[in-house]
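So you can see what is in the structure, the chains are spelled out below.
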Amino acid sequence: MKRMKIPKIVALIAAGASAALCAHAQTSAPSAALEPIAFLTAHEWDAKLPDSSEGKKKKIHATFTWTQNRQAIRISNELITDGKASPYIDGLYAWDPQQRVIVFWYVDAKASLTKGTVKMEDGTLVHEFQEIEPDGKTAEFVARVTPHGNKAWDNEIFARKRNGLTPLVKVRYEVAQ
């Protein structure tokens, strides 16, 4: 009879601990270190892209959501072509306490890994990052994300070359309709 009570007590303790941990995770405050990018979680976003060579309408649909523990922000983007969605990137922003900087990683639909850092400079979020293709080839980039209140933001991307930065694209993200 005593053997039956010990497992029940252990199960009750484990259940209570799990409930307490879940409750804490649901009520944790967002990481203050991620405050510079927290505006991204306020809405879903769309960025119109130039039409394809075949005349198809293109846009990026971006979603940023807090993780359950509110210590990281998930990013999930789709490429929308003539109304049809296809996966684009999925990743994560988090605070790296060792580097004392926001870091990010994402993987695109072609299995390229992108990783980098984010720093605030004069009201612009400067993303410095490296893209690693599935064959191991790498390229360096800089993106300047400039918020316009909480209703829009610009993303200006540059390739890093030996002689400096080469502009690649600039798009404006607006609240998705």
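Whatever comes next refers back to the structure up there.
Below or above, wherever it landed, is the structure these notes cover. This is a predicted model, so every value here is computed, not measured.

By the definition in use, this model includes five salt bridges. Note that Arg172 and Asp154 form a salt bridge whose closest N and O atoms lie 3.2 Å from each other. With Arg172 in strand 10 (residues 164-175) and Asp154 in strand 9 (residues 152-161), this residue pair connects regions lying 18 residues apart in the sequence. Exposure remark for Arg172: the relative accessible area of 37% places this residue in the partly exposed category.

The backbone of Arg70 sits at a positive phi, close to 60 degrees, despite the residue not being glycine. With respect to the secondary-structure elements, Arg70 resides in the loop between strand 2 (58-66) and strand 3 (72-81). You will see that Arg100, though not glycine, has its phi angle at about 60 degrees, which is positive. With respect to the helices, strands and loops of the structure, Arg100 is situated in the loop between strand 4 (84-96) and strand 5 (101-108).

So, about the sheet that holds strand 5. Pairing in this closed barrel of 10 strands is antiparallel, and the strands run 1-2-3-4-5-6-7-8-9-10 around the ring. Along the sheet, successive strands turn relative to each other by an average axial angle of 25 degrees, direction set aside. Summarising the sheet, strand 1 (residues 44-49) and strand 10 pair through three bridges and their orientation is antiparallel. Along strand 10, the bridge assignment pairs Trp45 with Val175.

A surface patch of nonpolar side chains, about 250 Å² in accessible area, is lined by Trp105, Val107 and Leu113. Considering the arrangement of structural elements, one finds Trp105 in strand 5.

Before going further, it helps to examine the environment of Ile80. Examined against the element boundaries, Ile80 turns out to sit in strand 3. According to the relative accessible area criterion, Ile80 is buried, its value standing at 12%. Each C-alpha atom, one on Ile80 and one on Asp46, is 9.5 Å from the other, the two residues being 34 residues apart in sequence. Setting aside its immediate chain neighbours within four residues, Ile80 contacts Lys57, Lys58, Lys59, His61 and Ala85.

Within the element layout of this structure, Ser112 appears in the loop between strand 5 and strand 6 (113-121). Taking relative accessible area as the criterion, Ser112 reaches 6% and is therefore assigned buried. Each C-alpha atom of the pair Ser112 and Thr138 lies 9.5 Å from the other, and the pair is 26 residues apart in sequence. Setting aside chain neighbours within four positions, we find Ser112 in contact with Tyr106, Val107, Glu131, Ile132, Glu133 and Pro134.

Before going further, it helps to examine the packing of aromatic side chains. Counted by the stated rule, this structure contains eight aromatic pairs. Ring plane angle 35 degrees and centroid distance 5.5 Å describe the contact between Tyr93 and Phe104, whose orientation is recorded as tilted. Separated by 11 residues along the polypeptide, Tyr93 in strand 4 and Phe104 in strand 5 bring together distant segments of the chain. On the basis of relative accessible area, Tyr93 is assigned to the buried category, the value being 7%. Among the residues examined, Phe104 registers a relative accessible area of 2% and is labelled buried. Here Arg144 stacks its cationic end above the ring of Phe158, 5.0 Å away from the centre of that ring.

About the criteria used
- Residues numbered from 1 in each chain as written.
- Predicted model: local features only at pLDDT ≥ 70, side-chain atom pairs only at ≥ 80, totals over all residues.
- Heavy atoms only, no water.
- Salt bridge = Lys/Arg side-chain N within 4 Å of Asp/Glu carboxyl O.
- Helix = DSSP H or I, 4+ residues; strand = E, 2+ residues; numbered from the N terminus.
- Buried < 20%, exposed > 50% of the residue type's maximum accessible area, 1.4 Å probe, protein only.
- Pairing = 2+ DSSP bridges.
- Axes fitted to C-alpha atoms, helices over the stretch in contact; angles between N-to-C directions.
- Patch = residues over 30% accessible without salt bridge, like charges linked within 9 Å, V, L, I, M, F, W, Y side chains within 5 Å.
- Areas by Shrake-Rupley, 256 points an atom, 1.4 Å probe, with all protein chains shown as cover.
- Contact = heavy atoms within 4.5 Å.
- Phe/Tyr/Trp six-rings, centres within 6.5 Å; stacked < 30°, edge-to-face > 60°.
- Lys NZ or Arg CZ within 6 Å of the ring centre and 35° of its normal.

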